[in-house]
Amino acid sequence: MTDSSTATVRPARSVRGVVRIPGDKSISHRYAMLAAIADGTSRFHNFSAARDCFSTLDCMRALGRSWKRAENGAIEVQGRGAQLSAPSERLNCGNSGSTMRMLSGILAGQQFESEMFGDESLSRRPMARIMAPLSQMGARIESRDGGRPPLKVRGGSLKAIHYKPEVASAQVKSCVLFAGLLADGETMVEEPIRTRDHGELALHAFGAEVGRSGNTAHIRGGQKLTAIEAHVPGDLSSAAFFLCAAALFPDSQITMPGILMNPTRARLLDILIRMGLKVSVAHLEEHHGELVGAIEAQGGTWKGGVISGADTAALIDEIPVLAATAPYTENGLEVRDAKELRVKESDRIAAVAANLRKMGAEVEERPDGMRIPGRQHLQGAELDSFSDHRIAMAFAIAALRADGQSTIIGADAAGVSYPGFFEELETVAGR
Ligand code: S3P
């Protein structure tokens, strides 16, 4: 990532048009990992364009599973069963916490030692949350500073566990279920709050039986996976930037076909509707258990509100853009129970507060959230991405309604989840 990149965003009067959103990042990671340990060649259409997902594919290649882009653009991954090859060098996870955390579950069940490392941001992120369950299952994992990457995983024979994570994290759940697939017995993950279920749905798509009762997901070890051909739905968390852009201008109108509508992610739409955006969804379909639909959104009155508890967990990736646009709401926005935001690709509470203040906004920063009053007028400013894709994109949207243009330093970070974001935004911003 070249953090010297700068994007300029000029104010807009509306956003109008059709946006084709790249494939979902969460699903693409899981499909790439499971394809590698399945039998046969899997083919993924509309695979995520995110740099993070290519970190996953390249780790799978280093573990002896080739992948390529076919002529029609699909990503093909060559699977050869659950036992991977020992890598000849360290596995580079780049900026991707999803890669490191979920891949750990698969590495825990391998008969070799491997080491994963990442960039500066990933090297600061907490890994104890996956080290604890994997150690209980029988893997030996070493980290730096009590739970920071790099991670050395010595895999082996695993035994099933009943795990109750303290943090609500879909990455942890998928990690333990992936390890559970390679373990002896029935592994259970009992979550404090139900998180996104792409891991369960992907395992099921590749042919494994995964059960659920209440907030507990369970999987029997030793099941074999079979290659699939799948179309990855558009990433709702990327669509969120355009939805919030539409919310800023009463005469906006945005259409986004083929977007992920999985109920564990689509809470975002409920909240946006509650906050005043007019949203309709058409052409609902199901692909490998994932719901997909076309979203049409129109601006209305951007009212604001409170996000807390299970809503915070469900919207964790979209809070930066909701918060960055909150000063333009009628009533402001309060975000609670969001301590996890401090250990994402950046400290997202501090990053949002710092950039909003640079734009002249009032914001109250709290240990586990923030309160941003509404009806504020912001000025264009020089803003920092903090090398965090969602902060770069969130402030591109906030800049659309500021007085005067803004520059975003380190804008290239957007490519971690959405290469081409700034170009796409230009095509719909009406001036
Ligand atoms: C993800 C889960 C969330 C989310 C991340 C992707 C996933 O992280 O923030 O962008 O694909 O499972 P946590 O599991 O740490 O909450």
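(A) Molecular detail of the pairing of strand 15 (residues 216–220). Summarising the sheet, strand 13 (residues 186–190) and strand 15 pair through five bridges and their orientation is antiparallel. Each bridged residue has a counterpart across the sheet, and for Glu 190 the counterpart in strand 15 is Thr 216. Bridge analysis of strand 14 (residues 210–213) against strand 15 gives four bridges, and the strand direction is antiparallel. Directly across from Val 210, in strand 15, lies its bridge partner Ile 219.

(B) Structural detail: the sheet that holds strand 25 (residues 406–409). Sheet architecture is open: three strands sit in the order 1-25-24, paired in mixed fashion. Of all strands in the sheet, those bounded by a partner on one side alone are strand 1 (6–9) and strand 24 (382–384). Going from strand to strand, the sheet's axes swing by 25 degrees on average, the running direction of each strand aside. Pairing geometry for strand 24 and strand 25, over three bridges, is parallel. Among the inter-strand pairings, Leu 383 is bridged to a residue of strand 25, identified as Ile 408.

(C) Fine view of the sheet that holds strand 11 (residues 162–163). Judged by pairing direction, the sheet is mixed, and its four strands sit side by side in the order 11-13-15-14 without closing on themselves. For this open sheet the edge positions go to strand 11 and strand 14, each flanked by a neighbour on one side alone. Two elements, strand 11 and strand 13, share two bridges in a ladder whose sense is parallel. Residue pairing across strands places His 162 opposite Met 188, the latter belonging to strand 13. Those strands touched by helix 5 (residues 170–181) are strand 11, strand 13, strand 14 and strand 15, and its axis lies near 20 degrees from that of strand 15.

(D) Focus on the domain arrangement of the protein chain. Partitioning the protein chain into domains gives domain 1 (6–23 + 233–430) and domain 2 (25–230). Taking only C-alpha atoms into account, the centre of domain 1 sits 28 Å from that of domain 2. Counting residues at the interface gives 29 residues for domain 1 and 30 residues for domain 2. For the pairing of domain 1 and domain 2, the buried interface totals around 2,300 Å² over both sides, and the portion due to carbon and sulfur atoms is 48%. When the area that domain 1 buries against domain 2 is broken down by residue, the three leading residues are His 288, Glu 345 and Val 416, summing to 26%. Along the contact surface separating domain 1 from domain 2 lie four salt bridges. A salt bridge links Arg 125 to Glu 345; the shortest N-O distance between them is 3.8 Å. The interface formed by domain 1 and domain 2 includes 16 residue pairs in polar contact (both at pLDDT 80 or more). Mapped onto the side of domain 1 that touches domain 2, the elements with two or more residues apiece are helix 9 (309–314) and helix 12 (389–399). Split into classes, the residues belonging to the side of domain 1 that touches domain 2 amount to 11 nonpolar, nine polar and nine charged.

(E) Structural view of the environment of Gly 305. For Gly 305, the location among the structural elements is in strand 20 (residues 305–307). Exposure remark for Gly 305: the relative accessible area of 26% places this residue in the partly exposed category. Every residue in contact with Gly 305, bar those within four places of it in the chain, is listed here: Gly 332, Leu 333 and Glu 334.

(F) Focus on the layout of surface pockets. Quantified by volume, the largest pocket comes out at close to 730 Å³. Lining the largest pocket are 40 residues, with Ala 168, Ser 169, Ile 316, Glu 340 and Lys 344 sitting closest to its centre. Elements with a minimum of two residues in the lining of the largest pocket: helix 1 (25–36), helix 3 (97–107), helix 5, helix 9 and helix 12. Ranked by residue count, the leading element in the lining of the largest pocket is helix 9, at four residues. A breakdown of the residues in the lining of the largest pocket according to their chemical character gives nine nonpolar, 11 polar and 20 charged. Each of domain 1 (6–23 + 233–430) and domain 2 (25–230) gives at least three residues to the lining of the largest pocket.

(G) Molecular detail of the nonpolar core. Counting residues in hydrophobic clusters, the biggest one holds 81 residues, and the most contacted among them are Phe 242, Phe 395, Ile 397, Leu 400 and Phe 421. It is helix 7 (residues 236–247) that contributes the most residues to this core, 10 residues altogether. When near neighbours in sequence (up to four residues on either side) are disregarded, Phe 395 contacts Ala 324, Val 352, Asn 355, Leu 356, Met 359, Leu 383 and Ile 408. Counting residues in hydrophobic clusters, the runner-up holds 66 residues, among them Met 33, Val 77, Ile 141 and Leu 260.

Conventions used here
Residues numbered from 1 in each chain as written. Predicted model: local features only at pLDDT ≥ 70, side-chain atom pairs only at ≥ 80, totals over all residues. Heavy atoms only, no water. Pairing = 2+ DSSP bridges. Helix = DSSP H or I, 4+ residues; strand = E, 2+ residues; numbered from the N terminus. Axes fitted to C-alpha atoms, helices over the stretch in contact; angles between N-to-C directions. Contact = heavy atoms within 4.5 Å. Domains from an automatic or database assignment. Buried area = accessible area lost by both parts, 1.4 Å probe. Salt bridge = Lys/Arg side-chain N within 4 Å of Asp/Glu carboxyl O. Polar contact = N/O pair within 3.5 Å; in protein donor to acceptor, adjacent residues only side chain to side chain. Nonpolar A, V, L, I, M, F, W, Y, C, P; charged D, E, K, R; others polar. Buried < 20%, exposed > 50% of the residue type's maximum accessible area, 1.4 Å probe, protein only. 1 Å grid on protein atoms, 1.4 Å probe; cavity = no way out; pocket = protein on both sides within 12 Å on 5 of 7 lines; lining within 4 Å. Points joined across faces, edges and corners; volume = space filled by probe spheres on them. Core = buried A, V, L, I, M, F, W, Y, C linked by side-chain atoms within 4.5 Å.

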